[in-house]
Amino acid sequence: MVVVSWVLALAAVVSGFGVFRLNSMARVTFSLLVSFLAVAGLVLLLGLDYLSAVIVLMMVIEMVVMAVFMIMYMMNPAGLMPMAMYHNKAGAMTISVGTFVLLAAGILLVDWPERRGAPAPDPTFALGRSLMGEQMLTMMTLGITLFATIVATVVLSTGRGRYDRLGDDLDSATADDPLGGGVGR
Amino acid sequence: MTLELFLLSAAGLFAIGLYGALSQQSIVMLMMGLELMLNGVILAAAAFWYFLAPAGTEGQVLIVVVVTAMAIEMAAGFAVATAIYRARQVDMTDGAADLKG
Amino acid sequence: MIMDEPVPVPAPTVALAWWWALLLPLVLILVACSAVVVDAAVGARAAGRPGGFTAPAREVARLLVGQRRRTLAADRLLWRAGPVVLPVAAVLAAVVIPLGSLPVADLGIGIVWFNAMEVLAWAAVWLAGWGPNSVLSLAGGYRFVAQGLASELPHMFALTTAALGAQSLRVTEVVAAQQDLWFVVIMPVAFVVFLISAAAMAFWGPFDAPIAGDLAGGAAAELSGVDRLLFLGGRWLLLTAAAAMSVPLFLGGGAGPLLPAWAWVVLKTGGVLAVLVWARRRFPTIRMDRWTEISWLVLVPLTLAQALVVAVVVLAQGGL
């Protein structure tokens with residue numbers, strides 16, 4: 001167990017480091033995915049199996065989607081022409097190393113309290129109970145936020161509005177879409 | 001592993017992500033840095049839950065919130081990137097510094 | 001929140017002996033192979049050729065000795081990773097499926113695990129498409145991402161509905177909840193959507209646009225030799241795993257008269273596989289834009305309504 005957690009922690013940090021060291025954007029994306037999967041493994045070792053599976057599920061999807069956008073927007077996705085796209089590298093390095101030193105000092109110096117209580121027999125059930133009980137407000141806020149995100153992202157990213165589809169007076173019988181779609185609107 | 005080691009790995013992930021978010025010019029790479037920072041937060045939350053307060057569910061709820069935040073961050077980030085690229089073919093943060101004082 | 005309610009203690013983990021983990025890939029491959037042979041025979045008959053039973057074996061032998069194709073500036077590491085991940089994901093997903101009455105690993109979160117492992121296929125297909133530095137295979141990878149995104153939500157809601165009906169994410173408890181009535185009767189929409197989206201996840205049947213002929217083979221265009229065998233075989237394994245998963249989720253698992261549980265699981269899996277194989281031959285490949293719109297505007301609301309109905313029924317029956 002201890003060995004596995006060491007390996008996973010090391011894998012998470014090293015592949016996280018790889019995100020900003022590798023040339024090929026595809027490798028960068030999947031290096032980040034490996035970092036997420038290693039963290040999911042650590043979360044599993046800590047006894048949170050449901051959250052670990054959720055992290056795997058979400059991050060695989062997210063990284064594949066990210067890969068698509070990466071090819072859309074990067075000028076050199078395969079890293080075939082080595083180039084650097086940084087700004088203020090030294091400043092960023094100073095700030096992040098400083099942050100790490102600060103955090104590490106806090107981690108090592110704080111007198112952490114003793115462990116209190118034991119995990120519920122089924123942490124997944126406890127989480128569900130909590131989300132549908134005392135943390136209901138958190139869950140509802142998340143739900144509304146996600147819904148708002150869906151609306152906002154569609155509005156932001158679409159290039160064509162209803163006037164493009166249905167004409168200036170919105171009276172066109174059939175929408176003028178570049179692609180037909182499947183339900184015959 | 002002890003709580004300190006878990007937290008140190010989390011701090012490492014957070015710091016690497018911070019470096020990326022600050023130093024990368026490309027919007028996509030910047031968002032990868034943000035994701036890596038949140039990755040560290042997930043690890044820290046799980047470690048805190050297990051080593052300090054396993055009886056409660058606050059740590060678990062925090063992870064749910066962070067995972068949701070990651071999804072929102074990426075969706076919103078790519079929507080903005082798409083909008084700004086559509087408007088003027090900008091995919092680098094330096095090209096979108098109009099509001100800089 | 002009422003604290004003094006009884007909190008269910010997770011059932012003691014009962015699973016098959018550990019060496020079943022080694023046997024599981026073989027079982028999966030065996031079932032998939034039978035389906036491949038039947039498919040080949042049906043294909044040969046439709047084309048007016050005799051037999052066809054040996055065609056898959058010859059094809060496997062040909063791929064095993066075939067050389068790897070090389071392309072300019074390929075991303076070797078990622079290209080190799082794609083075809084390897086696909087069968088591994090299928091086997092890992094199958095870990096929670098009861099072979100008879102017990103699975104190889106009776107995880108408390110079996111349904112989420114299954115979905116998480118299925119999703120690894122996305123990464124696999126995209127990697128296989130990206131690796132060779134070829135535009136047609138990358139377009140195939142893109143198509144699969146679009147298809148996966150469109151099918152993931154209905155798929156997830158269908159899985160959720162089954163879990164909701166059983167009030168458990170543990171697959172064996174989902175089976176146990178169907179003692180009186182199979183879930184396919186209570187939630188037919190979820191079952192049909194599960195089959196459709198499972199086919200889409202395995203880029204199967206009408207959803208084979210990611211490796212379709214109009215892209216010269218799409219994500220599989222540049223794959224040859226062992227890689228191609230792993231990729232196309234992995235796709236069959238994924239399809240088999242999804243078909244086998246529909247048995248504990250909707251078809252009562254190993255329940256049935258006379259025969260032992262494992263035989264019923266095999267029979268039911270074979271039946272579902274036959275439907276999927278038939279659907280591929282019956283329906284033409286669906287265009288990407290059509291499928292995404294149908295999925296988002298028809299399947300997602302349908303599955304949500306189905307989940308709502310099941311939730312109301314569960315609550316009315318005094319569920320949690």
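Cut-offs and rules
Residues numbered from 1 in each chain as written. Chains lettered and ligands numbered in written order. Predicted model: local features only at pLDDT ≥ 70, side-chain atom pairs only at ≥ 80, totals over all residues. UniProt positions renumbered as here; feature names shortened; annotations may be inferred. Contact = placed C-beta atoms within 7 Å. Helix = DSSP H or I, 4+ residues; strand = E, 2+ residues; numbered from the N terminus. Expected span 1.5 Å × (residues − 1). Buried ≥ 20, exposed ≤ 12 C-beta atoms within 10 Å, placed from the backbone. Axes fitted to C-alpha atoms, helices over the stretch in contact; angles between N-to-C directions. Parallel < 35°, antiparallel > 145°, perpendicular 65-115°, else oblique. Left-handed = near helix turned anticlockwise from the far one by under 90°. Nonpolar A, V, L, I, M, F, W, Y, C, P; charged D, E, K, R; others polar. Core = buried A, V, L, I, M, F, W, Y, C linked by C-beta atoms within 7 Å. pLDDT = per-residue confidence, 0-100.

As named in an unreviewed UniProt entry, chain A is NADH-quinone oxidoreductase subunit J, taken from Pseudonocardia halophobica. Quoted verbatim from the Sequence similarities (unreviewed entry) field of UniProt, the annotation for chain A is "Belongs to the complex I subunit 6 family." On record in UniProt, under Function (unreviewed entry), the comment for chain A is "NDH-1 shuttles electrons from NADH, via FMN and iron-sulfur (Fe-S) centers, to quinones in the respiratory chain. Couples the redox reaction to proton translocation (for every two electrons transferred, four hydrogen ions are translocated across the cytoplasmic membrane), and thus conserves the redox energy in a proton gradient."

J.: Please explain the interface of chain A and chain B as it appears in this structure.
T.: How big an interface is tends to be expressed through the accessible area that disappears when the partners come together. Across the contact, 69 residues belong to chain A and 59 residues belong to chain B. For the side of chain A that touches chain B, the element with the most residues is helix α4 (residues 89–109) of chain A, which contributes 12 residues.

J.: Whenever I open this one, helix α4 (residues 110–130) of chain C confuses me. Can you help?
T.: A rise of 1.5 Å per residue sets the reference length of α4 of chain C, with its 21 residues, at 30 Å; its end C-alpha atoms lie 31 Å apart and thus fit the reference within 8%. Counting buried residues in α4 of chain C gives 21 out of 21 residues, a clear majority hidden from the surface.

J.: Looking at this structure, how should I read the UniProt feature "transmembrane region" (unreviewed entry) in chain A?
T.: All names here are of chain A. According to UniProt, the feature "transmembrane region" (unreviewed entry) maps to residues 6–23, 30–48, 54–78, 90–110 and 136–156 in the numbering used here. Within residues 6–23, the helical portion is 72% and the strand portion 0%, while the C-alpha atoms at the span's ends are 27 Å from each other. For residues 30–48, the end-to-end C-alpha separation is 24 Å, with 84% helix and 0% strand making up the annotated structure.

J.: Help me understand the packing of helix α1 (residues 3–23) of chain B against helix α2 (residues 27–51) of chain B in this model?
T.: The description of two helices packed together rests on the angle between their axes and the distance between the axes. Residue and element names in this part refer to chain B. α2 packs onto α1 with a crossing angle of 165° between their chain directions and a minimal axis gap of 7 Å. Put simply, α1 runs roughly antiparallel to α2. Handedness of the crossing formed by α1 with α2: left-handed.

J.: What's the story with the interface of chain A and chain C in this structure? I'm lost.
T.: On the chain C side, the residues contacting the 31 residues of chain A number 31 residues. Put simply, the parts of the chain that give the side of chain A that touches chain C at least two residues each are α2 (25–45), α3 (49–73) and α5 (123–131) of chain A. With 12 residues, α3 of chain A is the single largest residue contributor to the side of chain A that touches chain C. Considered class by class, the residues forming the side of chain A that touches chain C number 20 nonpolar, 6 polar and 5 charged.

J.: Where do I start with the arrangement of the chains in this structure?
T.: For the 2 pairs of chains in contact, the largest share of contacts goes to chains A and B. Regarding chain B and chain C, the two do not touch, and the least distance separating their C-alpha atoms is 13 Å.

J.: Looking at this model, I keep getting lost on the nonpolar core. Mind explaining?
T.: Nonpolar side chains tend toward joint burial in soluble globular proteins. Core analysis: the largest hydrophobic core is formed by 187 residues, its most contacted members being Ile55 and Val60 of chain A, Ala46 and Ala47 of chain B together with Ala89, Leu238 and Ala241 of chain C. For alanine 241 of chain C, the contacting residues outside a window of four places in its chain are Leu28, Ala90, Ala93, Ala94 and Ile97 of chain C.

J.: Quick question: what am I supposed to make of the confidence of the model for chain C here?
T.: When pLDDT is low, close inspection of the predicted coordinates is not appropriate. Of all residues in chain C, 95% have pLDDT values of 70 or greater, and the mean over the chain is 86. In the model output, the complex is listed with pTM 0.90 alongside ipTM 0.90.

J.: How do you make sense of helix α10 (residues 261–282) of chain C when you look at a structure like this?
T.: Quick reminder: α-helices carry 3.6 residues per turn. Residues three or four places apart thus point the same way. All names here are of chain C. Taking 1.5 Å as the rise per residue, α10 with 22 residues should run 32 Å; its terminal C-alpha atoms sit 31 Å apart, in good agreement. Of all the positions in α10, only Trp264, Val265, Val266, Lys268, Thr269, Val272, Leu273, Leu276 and Val277 are classed as buried. For α10, the secondary structure elements touched by its buried residues are α1 (20–46), α8 (188–201) and α9 (225–250).

J.: I would appreciate a short explanation of unusual backbone geometry in the present structure.
T.: Most of the time, phi is negative for any residue but glycine, and the peptide bond is trans. With a phi angle near 55°, leucine 170 of chain A is a residue other than glycine that sits in the positive phi range. As for its placement among the helices and strands, leucine 170 of chain A is situated in the segment after α7 (162–166). The phi angle at alanine 216 of chain C is positive, at roughly 60°, despite the residue not being glycine. Take alanine 216 of chain C: it is sitting in the loop between α8 and α9.

J.: Is there a simple way to explain the packing of helix α5 (residues 135–166) of chain C against α8 of chain C in this structure?
T.: Residue and element names in this part refer to chain C. With their axes 8 Å apart at the nearest point, α5 and α8 run at an angle of 145° to one another. Every pair of crossing elements has a handedness; the one defined by α5 and α8 is left-handed. For the pair α5 and α8, contact is made by Gln147, Gly148, Ser151, Pro154, His155, Ala158, Thr161 and Ala162 and by Ala190, Val193, Phe194, Ser197, Ala198, Ala200 and Met201, respectively. In terms of residue class, the contact of α5 with α8 is made up of 9 nonpolar, 6 polar and no charged.

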